[in-house]
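Chain residues, written in single-letter form:
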Amino acid sequence: MTMSDSQEPEDVSRDLPDAEPEGVIVDGEESHERWLDEQAGPLVRPYVMTRGRTEPVRGTFDLITMVVATGLPAAPELGLDPEHQAVVRLCEEPMSVAEIAGHLNLPTVTVRVLLGDLLAKGLITVEDPQTEAELADDDDLYLAVIDGLKAL
Amino acid sequence: MDSRRFDRRGRRLPKATKIVVAGGFGVGKTTLVGTVSETKPLRTEELLTDKSVGVDDVEGVEAKSTTTVAMDFGRITIKDEFVLYLFGTPGQERFWFMWDEITLGALGAVVLADTRRLADCFPAVDYFERRGTPFIVAVNCFEGARRFQLDEVEMALNLGEQVPIVLCDARDKESCKDVLVTLVRHAMKTRREKRPVEV
Ligand SMILES: Nc1nc2c(ncn2[C@@H]2O[C@H](COP(=O)(O)OP(=O)(O)OP(=O)(O)O)[C@@H](O)[C@H]2O)c(=O)[nH]1
Ligand SMILES: [Mg+2]
């Protein structure tokens, strides 16, 4: 699934008068405009989508932190953007932060901000990976991985 | 483990773990990841402005730093409780911050090498040695890599004796499985040896 499957993103740029980049405005095939910086590709939209935020309001999200939707309804009064809703739909099944980014075609920095919002609103549950210290102390994990690989 | 989260259907939320696949340009990283993954490898494009410039407000949209860096990764569901991710490092080695993020918390790393361009894997070997990440070297069998060349590779890389070197074909599933099993065994052994002795 990609962003183009979801409904038209709300134009949040009106809150950000200075956000207009010195780039070319290209009419995307997917019917919404994409700003492209000449050298950069689609650099701008992710920042606009998170209203310029680069840090999540809650949680630290590793690339392989697992995320699943809690099933709480995404009520309109929660003020979710279409991107938030896309993340919630994707996380019907447990999925890592990196996978969410890959499926939605967004940089992980953007996905982390969206996930922080969802965590604060109780819409997702997360499971963090082991720390390096925990790894050093857990033979069971290694043995399970070896068995799993052999069974492939 | 007891603190493991459950989803609303009462299923456990799996814990994820990862392995890094590194090596020079075009050495077969993405091929290896794809060969053993249950789905087509995914890719994310990261914006360099995020971390390299420390942008923290909307002024970021005007930043002139314009490069993106891509990483590929695949997924293997080990059991309901475990998911293993394989991360290919970005081809451009200068983006070390991405290597740090990919490598932090990894079980270990596979350094892919091509005997025709052996020096290409030196930066990866240096990186994991310096960081203390358990790694093995897998010589990808492009035309003409032969068993006896493993000795030459070992000499050229000047690896510690305990670092395994294996031959592989990144397009072959059994071969990739062997490489990964060799790595995880090696990583387990290495971590055990580093563990402080209990008194
Ligand atoms: N003969 C042979 N060819 C291979 C093998 N592994 C990969 N290739 C080919 O080598 C080329 C490069 O492989 P990739 O998997 O894209 O390499 P990569 O390391 O991901 O490349 P970058 O991400 O660009 O650094 C492709 O055309 C593969 O089909 C192998 O084991 N044997
Ligand atoms: Mg690649």
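The preceding data block contains the structure.
Residues numbered from 1 in each chain as written. Chains lettered and ligands numbered in written order. Predicted model: local features only at pLDDT ≥ 70, side-chain atom pairs only at ≥ 80, totals over all residues. Heavy atoms only, no water.

**Regarding the environment of B:Arg192**
Tracing the sequence through the fold places B:Arg192 in helix H6 (residues 173-194). A distance of 2.9 Å separates a polar atom in the side chain of B:Arg192 from a polar atom in the side chain of A:Asp139. (Helix = DSSP H or I, 4+ residues; strand = E, 2+ residues; numbered from the N terminus. Polar contact = N/O pair within 3.5 Å; in protein donor to acceptor, adjacent residues only side chain to side chain.)

**Looking at the sheet that holds strand E4 (residues 82-88) of chain B**
Residue and element names in this part refer to chain B. Taking strand neighbours across the sheet as the criterion, the seven strands line up as E2-E3-E4-E1-E5-E6-E7 in an open arrangement whose pairing is mixed. Every interior strand has two partners, whereas the edge strands, strand E2 (42-47) and strand E7 (165-168), have only one. Strand-to-strand twist in this sheet, taken as the mean axis angle between neighbours without regard to direction, amounts to 30°. Inspection of the sheet shows strand E1 (residues 15-23) paired to E4 by seven bridges, in the parallel sense. Paired with Val21 across the strands is Gly88, a residue of E4. Seen against the sheet, H6 touches E1, E4, strand E5 (108-113), strand E6 (135-140) and E7 and runs at an angle of roughly 160° to E6. (Pairing = 2+ DSSP bridges. Axes fitted to C-alpha atoms, helices over the stretch in contact; angles between N-to-C directions. Contact = heavy atoms within 4.5 Å.)

**Considerations on the sheet that holds strand E5 (residues 124-127) of chain A**
All names here are of chain A. Read from one edge to the other, the open sheet built from three strands follows the order E4-E3-E5, with strand pairing classed as antiparallel. The sheet terminates laterally at strand E4 (95-96) and E5, the two strands that pair on one side only. Note that strand E3 (residues 66-69) and E5 share four bridges and pair antiparallel. Of the residues in E5, the one forming a bridge with Val67 is Val126.

Honestly, that's just the spatial picture; any functional story needs more than this.
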